[in-house]
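Residue-level structure breakdown
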Amino acid sequence: MKIAVQTEAFDLGAEASALAQGHRDMGAVVTFIGVVRDLAESDLDRMVIEHYPGMTLKAIQAIAEDAKSRWNLGDVLVIHRYGDLAPGEMIMMVGTVAPHRKDAFEAAEYLMDYLKSRAPFWKKEITSDGADWVAAKDEDEDALSRW
Amino acid sequence: MKIAVQTEAFDLGAEASALAQGHRDMGAVVTFIGVVRDLAESDLDRMVIEHYPGMTLKAIQAIAEDAKSRWNLGDVLVIHRYGDLAPGEMIMMVGTVAPHRKDAFEAAEYLMDYLKSRAPFWKKEITSDGADWVAAKDEDEDALSRW
Amino acid sequence: MDVLYFAWVRERIGVPKEAVETDAKTVTDLVAELRSREERYEAAFADLSALRVAVDQELTDFDASIEGAREVAFFPPMTGG
Amino acid sequence: MDVLYFAWVRERIGVPKEAVETDAKTVTDLVAELRSREERYEAAFADLSALRVAVDQELTDFDASIEGAREVAFFPPMTGG
């Protein structure tokens, strides 16, 4: 299991390849990558992500352990960046390795749903009009009721 | 949209990175990688994948077009290998790019469910005991009823 | 018309592809004709529920028409992914 | 006890962290005490439904005890992923 919270960009290719290798009894690997969207109308200059250093790793670790207890998983990866990110940059990734695709997919969705609403990150969008904190969406909170 | 049917190994890192880049209005990228499992008890020497050359690309393209009509997707990638594969080797990958994670996840699961049961590939396992065609699983056929 | 066989169907029949002259109107008619030919066809087509068929590279049913078809393929359920 | 603020709560209160001496027994008591101090606290805590709280780095409710706690943090709903 690898969990990283960092300002640096990560190498998706290297991370995904490392995850897919060395698990010969595991047939399925799922990755999710979150990217800073650049909607034409929003004129986004950059996204600033703040987090709660003392709590973040612990919170993500607890979410990852929950996933491992719910599904048959060989490995779990979570990388989440903070600080300044430009449009098009990768914000974060999760990866799951499992014997079967259903476990790999469901666990990745679970990780994403919980990271959205239970990991202590806050996003601020800086546009030419000013700065705005991204509001949590009701649908993201509602997504947790699925599990 | 990229669809490839090939004997050669593919570079997961390069494919995933290419997919994640150049879609600045798309926030979510999901990839699935299928790997040749090497269960200790099976003593697998290699997997041989046969396909129906005249039909394969068309069948995958139809599945990918269905996915694009059902979900809001920026891009779709399918790579599927055939021929001889060693345990631990990557068999295939799908990738989806979407504005939102729900579309990216669901479309990737849809592609996998249909590739499993509707793309003309057949797997044979060569072990020290002999060779056996992999039987289709009822649960894979049942998975289609979800969509 | 070309008739193609894949996976264990190909192994039982012994060839991947053959040209077949037939007046069969449906896949079912063609199967009946092939089964009457030789033991290896009888063995391959013994249990149709274990087989799938494509006509002109489109997956279809055994009651599908093959009139005018250029290619019919028989194979077990697919195991892609 | 350290009290931490994140995102717009931090911006409204003006500091990311401060030491607070209090006899408050629950988060709700602590909030009441802070609100009575200055206008900027009143502004930050005006709508508790828009806030979340963690005690000693564990997400919890406003009626949670803070007796013996070393760290209480206030912030808006999280927006990770």
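On a predicted model such as this, the values are computed, not experimentally measured, just so you know. (Residues numbered from 1 in each chain as written. Chains lettered and ligands numbered in written order. Predicted model: local features only at pLDDT ≥ 70, side-chain atom pairs only at ≥ 80, totals over all residues. Heavy atoms only, no water.)

With respect to the sheet that holds strand E2 (residues 17-19) of chain D
Residues and elements named next belong to chain D. Condition: The rule for pairing is simple: two strands pair if DSSP sees at least two bridges between them. Starting at the N terminus, helices and strands are each numbered in turn, a helix being any DSSP run of H or I of at least four residues and a strand any DSSP run of E of at least two. Axis lines are fitted through C-alpha atoms, for helices just across the contact stretch, and the angle between N-to-C directions can take any value from 0 to 180 degrees. Residue contacts are defined here by distance: any two heavy atoms, one from each residue, within 4.5 Å place the two residues in contact.
Read across the sheet, five strands follow the order E2-E1-E5-E3-E4 without closing on themselves; strand pairing throughout is mixed. Both edges of this open sheet fall to E2 and strand E4 (58-60), since each of them pairs with a single strand only. Adjacent strand axes in the sheet meet at a mean angle of 25°, parallel and antiparallel pairs treated alike. Here four bridges tie strand E3 (residues 52-55) to strand E5 (residues 71-75), and the two strands are oriented antiparallel to one another. Its bridge partner lying in E5, Val 53 is registered against Phe 74. Lying over the sheet, helix H2 (residues 27-35) contacts strand E1 (2-5), E3 and E5, oriented at roughly 70° with respect to E5.

Examining the packing of helix H2 (residues 53-70) of chain B against helix H3 (residues 101-118) of chain B
Residue and element names in this part refer to chain B. Convention followed: Angles below 35 degrees are treated as roughly parallel, those above 145 as roughly antiparallel, those between 65 and 115 as roughly perpendicular, and all remaining angles as oblique. Put simply, a crossing is left-handed when the front helix is turned counterclockwise from the back one by less than a right angle, and right-handed when it is turned clockwise. Just so you know the grouping, Ala, Val, Leu, Ile, Met, Phe, Trp, Tyr, Cys and Pro go in nonpolar, Asp, Glu, Lys and Arg go in charged, and all remaining residues, Gly too, go in polar.
Two elements in contact, H2 and H3, have axes whose closest approach is 10 Å; the angle formed by their N-to-C orientations is 155°. The orientation of H2 with respect to H3, classified from their angle, is roughly antiparallel. Crossing handedness for the pair H2 and H3: right-handed. Contact residues: Ala 59, Ile 60, Ile 63, Ala 64, Asp 66, Ala 67 and Arg 70 in H2; Tyr 110, Leu 111, Tyr 114, Leu 115 and Arg 118 in H3. Considering only residue class, the contact of H2 with H3 consists of nine nonpolar, no polar and three charged.

Section: the confidence of the model for chain C
The line we're drawing: pLDDT runs from 0 to 100 and stands for how confident the predictor is about each residue.
For chain C, per-residue confidence averages 97 on the pLDDT scale, and residues scoring 70 or more make up 100% of the total. Scoring of the predicted complex yields 0.95 for pTM and 0.94 for ipTM.

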